[in-house]
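Remarks on the overall topology
Here is what each chain is made of, one letter per residue.
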Amino acid sequence: MEGKMAGVPNPGNGGKRADHGETVNPPRNRKSEAGNPSPTVDEPKPRSVLTKLYRIAELAKRSPQMAFTSLSHHIDIDWLHEAHELTRKDGAPGVDGQTAKEYEKNLEENLQSLLDRAKSGNYRAPAVRRVHIPKGSGPETRPIGIPTYEDKVLQRAVQMALEAVYEQDFLDCSYGFRTGRSAHQALDRLWRETMNMGGCWLVEVDIQKFFDTLDHARLREILRQRIRDGVVLRLIGKWLNAGVFEAGATTYPDRGTPQGGVISPLLANVYLHEVLDVWFERDIKPRLSGSAFLIRYADDFVMGFANETDARRVMDVLPKRFGKYGLTLHPTKTRLIDFRRPRRRPARPERDDDGGPGSFDLLGFTHFWAVSRKGWWIVMRKTAKKRLARALSAISEWCRTRRHLSIEEQHVALRAKVRGHYAYYGVINNWRSLSNFLHEVQRIWRAWLSRRSASGHYTWQRMTRLLERYPLPQPRLVHAISRS
């Protein structure tokens, strides 16, 4: 991306940078566990990790066709310390059961041992513990891999180096798991594109089990176009071939990368950058008769076309393109949608909140055309039914398992959960869904409070008095749409 080096810390903010919601502080002179003093002002200090990231990014930006043959030498003990600072400390432990707190008891020795094993080739990637989480409101689940804490630190260290390179290559259409980019920016871009085009023919695409079917050979081939450092490629190969521990047994799949791994989102972006983003910009758009756009968030993406003929041509060739890279499109969830602005303007402003056949879901929202209060057709968004059901199901499960807590403790936790819901779904025109969510949370809370004892039934009159004393946050619109 011209004019900036995305994914690299900004020296104007005190050395801090956001990386998936976490903050990095500049490397500092650390005291070892044995109590050795930190270097004095007269002693030479290690080169800043921040400076290294800038040098890698600047070189990658100046030479977009160059392959990095020496990248791992930047990863030293200070780099691993920075990776440790970036790694979540409250995550679930991996197959070894070791927590971040236990790993930090001997941090200097552990990181030095990790660095030596990674550079010498003696590091063995442990199996990834697999768990399943609900994918929606139904019985379908999503497999999530949980690496060991040490493996997370090393993956983070390699991810930092690769991110500095690939952030200079990634196109403006991708938003998922990238520093300084978010789902709401993707939603804002989608809103502006569809409004500027007056609606479009939209191709909604679903890749079947993308993280489970990613082709290892193809991924290595794509990585070698930019990365030819033996240490880095060897480590990535070990993570790809690491076993999956589930139900007491370890299996070794020859395809896919576990969702949940620190480096998995970056590898997915690298893969789809080549499979989709570059192909769409380089080969597809120049051959179209009208305007078009692509918006991708990880493996979720939509394509909009001004002309129906262009949309159908691209939709016909999509399965061949993805099949070439070992990927399969879902036959029923991949569809062409007539998302053009309705021609008929009603006599009075009204709102069809049911979406309709021309609506589609993306990033937790249902997008549909409706009439504003001023009588204009605009693209509106509301919380998708599956996401709303999943959020309420999680609230109900929490209330069920925590109903023994005091009212004060439950109130504090529920307030945080409701605010968290507003923080993501609080977009313009979604007030009705937020109000519905609040009402359902109050109803669920009342139902489980009534089951605390045989004589503790809460009528709505009693619940109203309780909510006056322990109110839940009212709906709040957090995200505005940029109309520039």
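Residues numbered from 1 in each chain as written. Predicted model: local features only at pLDDT ≥ 70, side-chain atom pairs only at ≥ 80, totals over all residues. Heavy atoms only, no water.

Viewed as axis vectors pointing N to C, helix 12 (residues 385-401) and helix 14 (residues 431-449) meet at an angle of 25°, and their least axial separation amounts to 10 Å. As judged from the angle between their axes, helix 12 and helix 14 are roughly parallel. Considering only the axes of helix 12 and helix 14, their crossing is right-handed. For the pair formed by helix 12 and helix 14, the contact residues are Leu388, Ala391, Leu392, Ile395, Ser396, Cys399 and Arg400 on the first element and Asn436, Phe437, Glu440, Val441, Ile444, Trp445 and Trp448 on the second. Here the residues of the contact of helix 12 with helix 14 sort into ten nonpolar, two polar and two charged. (Axes fitted to C-alpha atoms, helices over the stretch in contact; angles between N-to-C directions. Helix = DSSP H or I, 4+ residues; strand = E, 2+ residues; numbered from the N terminus. Parallel < 35°, antiparallel > 145°, perpendicular 65-115°, else oblique. Left-handed = near helix turned anticlockwise from the far one by under 90°. Contact = heavy atoms within 4.5 Å. Nonpolar A, V, L, I, M, F, W, Y, C, P; charged D, E, K, R; others polar.)

Here we come to helix 8 (residues 216-223). An α-helical turn contains 3.6 residues, so any two residues separated by three or four positions project in the same direction. Among all positions of helix 8, only His216, Leu219, Ile222 and Leu223 are buried. The buried residues of helix 8 all sit within an arc of 125° when viewed along its axis, so they share a single face. Each element contacted by the buried residues of helix 8 is listed here: helix 5 (149-166), helix 9 (230-241) and helix 10 (264-284). You can read the cap of helix 8 off the contacts: a side-chain oxygen lies 3.0 Å from the backbone nitrogen of Ala217, and it is on Asp215. (Buried < 20%, exposed > 50% of the residue type's maximum accessible area, 1.4 Å probe, protein only. Arc of directions from axis to C-beta. Polar contact = N/O pair within 3.5 Å; in protein donor to acceptor, adjacent residues only side chain to side chain.)

Pairing is antiparallel in the open sheet, where four strands are placed in the order 8-9-5-10. Pairing within the sheet leaves two strands with one partner each, and these edge strands are strand 8 (292-297) and strand 10 (335-340). Neighbour-to-neighbour, the strand axes of the sheet open up by a mean angle of 20°, direction not taken into account. The pairing of strand 8 with strand 9 (residues 300-305) spans six bridges and is antiparallel. The residue of strand 9 that forms the bridge with Leu294 is Met303. Across the sheet, helix 10 is in contact with strand 8 and strand 9; its angle to strand 8 comes to roughly 175°. (Pairing = 2+ DSSP bridges.)

If you walk through the whole model with that rule in mind, you get five cavities of 30 Å³ or more. Size it by volume and the largest cavity reaches roughly 80 Å³. Among the elements of the structure, helix 5 and helix 10 are those that each provide at least two residues to the lining of the largest cavity. Classifying every residue of the lining of the largest cavity gives seven nonpolar, four polar and one charged. (1 Å grid on protein atoms, 1.4 Å probe; cavity = no way out; pocket = protein on both sides within 12 Å on 5 of 7 lines; lining within 4 Å. Points joined across faces, edges and corners; volume = space filled by probe spheres on them.)

A few words now on the pattern of salt bridges. Counting across every chain of the model gives 21 salt bridges. Among the ionic pairs, Arg255 bridges to Asp215, the shortest N-O distance being 3.2 Å. Of this pair, Arg255 sits in the loop between strand 7 (249-251) and helix 10 while Asp215 sits in the loop between helix 7 (210-213) and helix 8, and the two are 40 residues apart along the sequence. The partly exposed category is assigned to Arg255, whose relative accessible area is 31%. Note that Arg218 and Glu221 form a salt bridge whose closest N and O atoms lie 3.6 Å from each other. With Arg218 and Glu221 both in helix 8 and three residues apart, this pair spans about one turn of that helix. Residue Glu221 is classed as partly exposed on the basis of its relative accessible area, which comes to 42%. (Salt bridge = Lys/Arg side-chain N within 4 Å of Asp/Glu carboxyl O.)

The next subject is helix 14. In this model, helix 14 (19 residues) spans 27 Å end to end at C-alpha, consistent with the 27 Å of a helix rising 1.5 Å per residue. Among all positions in helix 14, only Ser433, Leu434, Phe437, Leu438, Glu440, Val441, Gln442, Ile444, Trp445, Arg446, Trp448 and Leu449 are buried. (Expected span 1.5 Å × (residues − 1).)

What follows covers the nonpolar core. Leu162, Met303 and Phe322 are the most contacted members of the largest nonpolar core, which has 77 residues in total. The residues touching Met303, leaving out its near neighbours within four places in the chain, are Trp201, Leu202, Val203, Val205, Phe280, Phe293, Leu294, Val314 and Leu318. In terms of nonpolar packing, the next biggest core, distinct from the first, is built from 52 residues, Tyr175, Phe368, Tyr425 and Leu434 among them. (Core = buried A, V, L, I, M, F, W, Y, C linked by side-chain atoms within 4.5 Å.)

With that out of the way, let us pick up the environment of Asp361. Summarising the element assignment, Asp361 is placed in strand 11 (residues 360-362). Using a relative accessible area of 39% as the deciding quantity, one classes Asp361 as partly exposed. Separated by 22 residues in the primary sequence, Asp361 and Thr383 have C-alpha atoms spaced 9.1 Å apart. For Asp361, the residues in contact, after removing those within four places along its chain, are Glu204, Thr366 and Ala384. Within the structure, the side chain of Asp361 is placed 2.6 Å from the side chain of Thr366, a separation counted as a polar contact.

For the rest of this paragraph, the subject is unusual backbone geometry. One can expect most non-glycine residues to show negative phi and most peptide bonds to be in trans. Here Lys209, not a glycine, exhibits a phi torsion of approximately 45°, which is positive. Looking at the element boundaries, Lys209 is found in the loop between strand 5 (199-205) and helix 7. According to the relative accessible area criterion, Lys209 is exposed, its value standing at 63%. Although it is not a glycine, Leu363 adopts a positive phi angle of roughly 55°. Turning to its location among the elements, Leu363 is positioned in the loop between strand 11 and strand 12 (365-371).

Moving on to the packing of helix 8 against helix 10. Between helix 8 and helix 10, whose axes approach to 10 Å, the crossing angle comes to 80°. Taken together, the axes of helix 8 and helix 10 are roughly perpendicular relative to one another. Contact residues: helix 8 offers Arg218, Leu219, Ile222 and Leu223, while helix 10 offers Leu267, Val270, Tyr271 and Glu274. Partitioned by chemical class, the residues of the contact of helix 8 with helix 10 number six nonpolar, no polar and two charged.

This part is about the packing of aromatic side chains. Scanning the entire structure with this criterion turns up 13 aromatic pairs. Seen from their ring centres, Phe210 and Phe211 are 5.2 Å apart, and the 75° between their planes marks the pair as edge-to-face. Across the pair, exposure class does not vary: Phe210 and Phe211 are buried alike. An angle of 55° between the planes, with centres 6.3 Å apart, marks the rings of Phe210 and Tyr271 as tilted. Here Phe210 is found in helix 7, whereas its partner Tyr271 is found in helix 10, with 61 residues between them in sequence. There is no split in this pair, since Phe210 and Tyr271 are both buried. Grouping aromatic residues by their ring pairs yields a cluster made of Phe210, Phe211, Tyr271 and Tyr325. (Phe/Tyr/Trp six-rings, centres within 6.5 Å; stacked < 30°, edge-to-face > 60°.)

Shape is all these values report; function is a separate question.
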